Amino acid sequence: MTRYLLLLAPSANRVYAGESARLARAELQVSCPRTHGQDVEEVAGLDYLALESDQPVDELARCLAGQSASLALFERTDTDLLRPVQLPRVDLLDDDFVTIPKYQGKTNEQFTRLLLNVTIAALRRPVTGPLDILDPLSGRGTTLETAWTMGHHAYGVEADEKSFEAMAAYLRTWLRRKRLKHTATVSPVRREGRSLGRRFDAELRLDPPLTMTVFTGDTRQSAALFGKKRFDVVVTDAPYGVVHGSQTDVRGHSGKRDRSPAGLLREAIPVWARQLRRGGSLGMSWNTYGLSREDAAAMLSDAGLEVLDGAPWTSFGHRVDSSINRDLIIAVAPL
Ligand SMILES: C[S@@+](CC[C@H](N)C(=O)[O-])C[C@H]1O[C@@H](n2cnc3c(N)ncnc32)[C@H](O)[C@@H]1O
């Protein structure tokens, strides 16, 4: 066993109100399972994750490089001196793709990466190439951009037209500015002569090419919008039930006219579950002030998914601010 120290990005502590090391540890346990003895250690005033592994160092470094909070890796020598280990570049796109947009209601980039990592790690299907990842509450696209950055196809649904437009405009500008070969179009969606909204379709000409499709509309219509298409992974940051200006971030009317995130999720989760392929995984973050973990878990299991329980799956709860305590929950579709 070789001993390592993974230096954590200091910015992560701002995201998780000082609890970044705890979350990074849980993320590592889930997504780099061939590491052992993970523990938080402070060395000269900085937070590290101490870990051991018998993996070849290249393989280990590749896994650690994709962790949401990793900054630098060191091997611990017998004399306790630290030997730097190069973390390879695992992302296909520059990180400013995800960090440039700044807006109210944006899901933090680091947290989005963590949610994607943990949800992908829960897949029961083999991962052989780009995955099809759906964010059915896609906002201005943090999950979609992160999915592309990680080399996966991205799909979304968003009810807020302005968010949809801003996302489409930003993607076009960024891809053009970086001189990346791509196509990107916005077109109307019509069925039986009726206008159902709009769709954004983009292709990034990498090898293999990456696709993105986003619909405007209510997430409860996600299955109708995507038709027979199925997804390996559904990842979403649910509305928090907080008010921005004069509006809440929950949109559309539920059957029960319930404007809380709980009402929306109760109706949307069965739709999302049906859009998963066999062995696919669903990861959702939400504000526990509006919905308990038990109730979220019951909604997922009522939809036929198996909720992953026990540590480290239950170790991701953290405070965001006085009105938001965020947790995440992962569930998988039967094989
Ligand atoms: C927490 S935000 C997600 C933000 C996104 N991850 C980002 O970083 O841009 C939740 C999103 O759900 C959208 N939303 C709320 N109710 C919806 C509904 N019924 N159908 C589709 N989208 C909805 C909101 O407009 C908001 O953009």
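Being a predicted model, the structure only gives us computed values, none of them experimental.

1. Concerning the domain arrangement of the protein chain
In many reports, interface size means the accessible area that the parts give up when they come together.
Here comes step 1: For the protein chain, the assigned domains read domain 1 (2-85) and domain 2 (96-332).
Here comes step 2: The straight-line distance from the C-alpha centre of domain 1 to that of domain 2 is 28 Å.
Here comes step 3: Overall, the association of domain 1 and domain 2 removes approximately 1,400 Å² of surface from exposure, summing both partners, and the carbon and sulfur fraction of that is 61%.
Here comes step 4: The largest per-residue losses of area from domain 1 upon contact with domain 2 belong to V15, Y16 and V30, which jointly make up 36% of the total buried on that side.
Here comes step 5: Summed over the shared surface of domain 1 and domain 2, the result is zero salt bridges.
Here comes step 6: Remark: the boundary between domain 1 and domain 2 carries six residue pairs in polar contact (both at pLDDT 80 or more).

2. What to know about the sheet that holds strand β2 (residues 35-43)
Strands pair in a sheet through their backbones, by hydrogen bonds, and they do so in one of two ways: parallel or antiparallel.
Here comes step 1: Read from one edge of the open sheet, five strands run β2-β3-β1-β4-β5, paired in antiparallel fashion. Every other strand in the sheet has two partners, leaving β2 and β5 (82-85) as the edge strands with one partner each. Across the sheet, the mean angle from the axis of one strand to that of its neighbour is 30°, orientation sign disregarded.
Here comes step 2: Sheet topology places β2 next to strand β3 (residues 46-53); seven bridges connect them, and they run antiparallel. Residue E41 lies in a different strand from β3, and its bridge partner there is Y48.

3. Points about the nonpolar core
Here comes step 1: Residues L64, W148, F200 and M212 are the most contacted members of the largest nonpolar core, which totals 63 residues.
Here comes step 2: Ranked by residues supplied to this core, first place goes to helix α7 (residues 161-177) with seven residues.
Here comes step 3: Setting aside anything within four residues of it in sequence, one finds M212 in contact with L144, W148, A154, L171, F200, D201 and A202.
Here comes step 4: With 34 residues, the next largest nonpolar core counts L134, V189, I269 and A296 among its residues.

4. Structural notes on the pattern of salt bridges
Here comes step 1: Throughout the structure, instances matching the rule amount to 24 salt bridges.
Here comes step 2: Between E161 and R198 there is a salt bridge; the shortest N-O distance is 2.6 Å. One end of the pair, E161, is in helix α7; the other, R198, is in strand β9 (residues 194-204), with 37 residues separating them in the sequence.
Here comes step 3: Accessibility expressed as a relative area gives 36% for E161, which makes it partly exposed.

5. Considering the pairing of strand β4 (residues 70-76)
Here comes step 1: A large share of β4 lies buried, amounting to five of its seven residues.
Here comes step 2: Bridging between strand β1 (residues 2-8) and β4 involves five bridges; their strand directions are antiparallel. Paired with L8 across the two strands is S70, which belongs to β4.
Here comes step 3: Two strands pair when backbone bridges link them, and β4 and β5 are joined in this way by four bridges, in the antiparallel orientation. Bridging across to β5, R76 finds its partner in L82.
Here comes step 4: Connecting β4 to the next strand, β5, in antiparallel fashion are five residues, including D80 with a positive phi near 70°.

6. Details of the site of the ligand
Here comes step 1: Around the ligand, a shell composed of 25 residues is seen, among which Y103, T107, T142, E158 and R251 lie nearest.
Here comes step 2: Residue Y103 places a side-chain N or O atom 2.6 Å away from an oxygen atom belonging to the ligand.
Here comes step 3: Look at the ligand: alone it shows 600 Å² of surface, and the protein chains cover 96% of it.
Here comes step 4: Residue composition of the shell around the ligand, by class: eight nonpolar, eight polar and nine charged.

What counts, and at which threshold
- Residues numbered from 1 in each chain as written.
- Predicted model: local features only at pLDDT ≥ 70, side-chain atom pairs only at ≥ 80, totals over all residues.
- Heavy atoms only, no water.
- Domains from an automatic or database assignment.
- Buried area = accessible area lost by both parts, 1.4 Å probe.
- Salt bridge = Lys/Arg side-chain N within 4 Å of Asp/Glu carboxyl O.
- Polar contact = N/O pair within 3.5 Å; in protein donor to acceptor, adjacent residues only side chain to side chain.
- Pairing = 2+ DSSP bridges.
- Helix = DSSP H or I, 4+ residues; strand = E, 2+ residues; numbered from the N terminus.
- Axes fitted to C-alpha atoms, helices over the stretch in contact; angles between N-to-C directions.
- Core = buried A, V, L, I, M, F, W, Y, C linked by side-chain atoms within 4.5 Å.
- Buried < 20%, exposed > 50% of the residue type's maximum accessible area, 1.4 Å probe, protein only.
- Contact = heavy atoms within 4.5 Å.
- Near = heavy atom within 4 Å.
- Areas by Shrake-Rupley, 256 points an atom, 1.4 Å probe, with all protein chains shown as cover.
- Nonpolar A, V, L, I, M, F, W, Y, C, P; charged D, E, K, R; others polar.

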